[in-house]
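What the coordinates show
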Amino acid sequence: MSHKEEPVMEHAELELAALRAAPITPKIRMRIPPQDMPAQNPSARRENMQEVALGYSPAQAMLEAERCLQCKNAPCIAGCPVRVDIPGFIGKIKDGDFLGAAKVIKKTNLLPSICGRVCPQESQCQAPCTVGKALKGVERAVQIGRLERFVADYERTNGAVEVPHVAPITGKKVAIVGAGPAGLTCAVDVRREGHDVTIFEAFHKPGGVMVYGIPEFRLPKVLVQSEAEVLESMGVDFELNFLVGRTRPLTSLIEQDGYAAVFVGTGAGLPKFMEIPGENYVGVFSANEYLTRANLLKAYMKGKAGTPIYPSRRVAVLGGGNVAMDSARMALRLGAEEVRVLYRRTREEMPARAEEVEHAIEEGIIFDFLKSPTRVLGDEKGRVAALEVLSYELGEPDDSGRRRPVPIRGSEQMLPYDTVIVAIGNESNPLISQTTPRLQVDRHGHIIVDERQKTSIERVYAGGDIVLGAATVILAMGEGRKAAQAINEILQ
Amino acid sequence: MHGTHTILSKTRLSEEVYRIEVLAPLVAQQRKAGQFVIVMYDEDYSERIPLTIADADPAKGSVTLIFQTVGASTHKLALKEPGDAIVLLGPLGNPTHIERFGWAVCVGGGIGLAPLYPIVKALKEAGNRVTVISGARTKDLLIMQDELAAIADEHIVVTDDGSFGRKALVTEPLKELCSMTPKPDIAVTIGPPIMMKFCAATTKPFGVKTLASLNTIMIDGTGMCGGCRVSIGGKTKFVCVDGPEFDAHLVDWDGMLMRLGTYKEMEKEAHDRCHLEMQIEKLETQGDSAPPAAQESSK
């Protein structure tokens, strides 16, 4: 990437030089402001699918790295689900050793270019950061996610991505079900030990939610593809268009096909609806459907892609998570005139990443807080015409500690919309459990595992959203890694 | 990366109907009557097209698919030749519940005759007396006739225009069969949604249990998108994981027909554009250059 002409970069270089002219005390470090990440102009980017955030320049990254106090107790590491040595890699950035920094991260996280972009850092590594705490604001913490992303991008664009070392072949076979974050991570760690690894994926491209769900403008697909290529160079085999449970029963993989262990990482994948009247009208979509059409099936390439996308003018997105943000911003890019996010609580309670909410607001997405629909109204052709929306106020805190939204009686309003995208989460996909009778699941359909990710069936492990319910990419990766350790042990 | 499947043979059954045989040994081995697959004509820009499996040969490792070129995507699929690779995922959905019911009436309309065939075969093998009603708009669109005639105990053929068999809609002989004593023990219907809707309305007064195989809009076919949802007895069900067969008397047919029309205008536009492109291609292969105006509009 070349942002060298950008004035902000020159500024960072000058600032860095000035800073380094004298010894840097912790007090001085704390005075360096958090470095903003350059982004595409909001009015330009709402017309294109290219990545919104552009990433730090080397000088910006080094300046940001100087903000890190290198705390002995490193509270940030405890905040990371895969325990990346954060002060370690930031120290390398400070020295200008970007490839060394990449090596530190990759000891525990093989997908930093993805995590740097999609992890909710403000509630993980950046939450306990000493700098943020001292400056009384998590947004002023060291920008660990942006630094991680910088390092990963630097490594890739400089052609320095190393294929992890693979031990001599053991001849033992392991099957991974699902090529999402959990499955890919598990595959790498099992393959490192020299076992034969085959990943079975139902879709025609690997990546799971990273290719069907998260849009191009937030996570370029070429990144996911290059990660999958690293796995291929390690000798991991991909069987695409293969639905374990239907194409082949899970138990046959062990009993007949010679797999010594199986990891199930099939994701959440059964969309929840509101269960309000009118939800089957034409123009009501699950976020999964809307985003899969737009991302995986490239419906935004009108005329070229075979998959159509609904022509929308006024869109209501229901929900307050990252998927809701992705859907809203995608609808805008696909030509909607007005996109509103309806959320039952307020901005403080929204589970979406802070950066995504900010980007959405900049792009012109309108947020209707303390609102939730009660029914969908259709026209004579059965197409969405309006939403009946109820207003809420915040009451007493509930079990989760968040203030409970209480409906305001008689506050129903009828608002015109032609499209409704439901982004209120997923239930677990019943396919594997339906076709694998001995596999124990809880009442939500999540696979029950022990502390080593082992299921009720010997040699079958599971992790990610199929165990956790809808969670995050990084938590899924953490589970894939834990399962890999357990699998590697039983195969010793 | 593996995962594409080779087309072994292609036969044009009529103006708009094609039969392809695809090498997919695991699918051929695993599939049961009533299940479907999703195919894509390429891995980059294709729509995901759900097609019911017409037949399979586990020994040869092949599945047979029969489809009608109703839009741009099926046209592009029809352009594939033996030796070409396509994406194929399956078998999807729940198999038809097969048991010895007694007397079964199987009603197939148009392209629906293809997926009806394995069900007729399975019902027959389970020891049922099977009456088949084959219907189509016109003689050319009647498919699988030899195969069905060979196994059915009775075979009634109707066409809308009277070009073959009785000039009638399928509901006419269906009603006659339902009026008999004893009446049929079960009816199965596969075909255009409107035909299935009227079959359900025909058998309902007689209390003949009726199964319909639904083919709704679908993306992944694994339960992930919910695009295929349909109201069954007031409850929302997913055709891909809860179906594709449902009690025809409980299906909200009007709701389903409405949802099937979601992309109608866009599909028509794509279909027209596809025909234009095919015409241009034809002209180009004939050595003529396409007229500039047509090239412009193909973009």
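Just above, that's the structure.
Everything in this summary refers to the structure shown in the same document. (Residues numbered from 1 in each chain as written. Chains lettered and ligands numbered in written order. Predicted model: local features only at pLDDT ≥ 70, side-chain atom pairs only at ≥ 80, totals over all residues. Heavy atoms only, no water.)

Digging into the environment of A:P112
All names here are of chain A. Structurally, P112 is set in helix α8 (residues 112-118). When the C-alpha positions of P112 and I474 are compared, they lie 10.0 Å apart, and in sequence the two are 362 residues distant. In contact with P112, other than residues within four places in its own chain, are I105, K106, E148 and A152. (Helix = DSSP H or I, 4+ residues; strand = E, 2+ residues; numbered from the N terminus. Contact = heavy atoms within 4.5 Å.)

With respect to the pattern of salt bridges
Residue and element names in this part refer to chain A. Counted by the stated rule, this structure contains 46 salt bridges over all chains. A salt bridge links E66 to R20, with the nearest nitrogen and oxygen atoms 2.8 Å apart. A residue pair is termed long-range when its members are at least 10 positions apart, and E66 in the loop between α4 (58-65) and α5 (75-78) and R20 in the loop between α1 (7-19) and α2 (26-31) qualify at 46 residues. Its relative accessible area of 5% is what places E66 among the buried residues. The class for R20 is partly exposed, based on a relative accessible area of 35%. A salt bridge links E162 to K103; the nearest nitrogen and oxygen atoms lie 3.4 Å apart. With E162 in the loop between α10 (144-157) and β1 (173-177) and K103 in helix α7 (residues 98-106), this residue pair connects regions lying 59 residues apart in the sequence. For E162, a relative accessible area of 48% corresponds to the partly exposed category. Overlapping salt bridges, with partners in common, bring together R45, R146, R218, D326, R329, R333, R353, E355, E356, E362 and E363 in one network. (Salt bridge = Lys/Arg side-chain N within 4 Å of Asp/Glu carboxyl O. Buried < 20%, exposed > 50% of the residue type's maximum accessible area, 1.4 Å probe, protein only.)

Quick notes on the side chain of A:E279
Position of A:E279 relative to the elements: it lies in the loop between β5 (269-271) and β6 (284-286). This buried residue, A:E279, is left without a salt bridge; B:R229 holds the nearest opposite charge, at 6.4 Å. In this structure the side chain of A:E279 is engaged in a polar contact, spanning 3.4 Å, whose partner is the backbone nitrogen of A:I276. Each residue touching A:E279, except ones within four places of it in the same chain, is listed here: A:F273, A:M274, A:V284, A:V376, A:V422 and B:R229. (Lys, Arg positive; Asp, Glu negative; His and termini not counted. Polar contact = N/O pair within 3.5 Å; in protein donor to acceptor, adjacent residues only side chain to side chain.)

Structural notes on the interface of chain B and chain A
Taken residue by residue, the interface counts 46 residues in chain B and 52 residues in chain A. Each partner contributes to the roughly 4,300 Å² buried at the junction of chain B and chain A, and carbon and sulfur atoms together form 56% of this total. Among the residues chain B hides against chain A, the three largest losses belong to B:M1, B:Y45 and B:M224. Together they make up 19% of the total. Our count for the contact surface shared by chain B and chain A stands at one salt bridge. With a shortest N-O distance of 3.5 Å, A:K205 and B:D44 are connected by a salt bridge. On the surface where chain B and chain A come into contact, there are 22 residue pairs in polar contact (both at pLDDT 80 or more). Breaking the side of chain B that touches chain A down by element, the ones donating at least two residues are α1 (25-30), β6 (85-92), β13 (229-232), β14 (235-238), α8 (253-260) and α9 (264-285) of chain B. (Buried area = accessible area lost by both parts, 1.4 Å probe.)

Shape is all these values report; function is a separate question.
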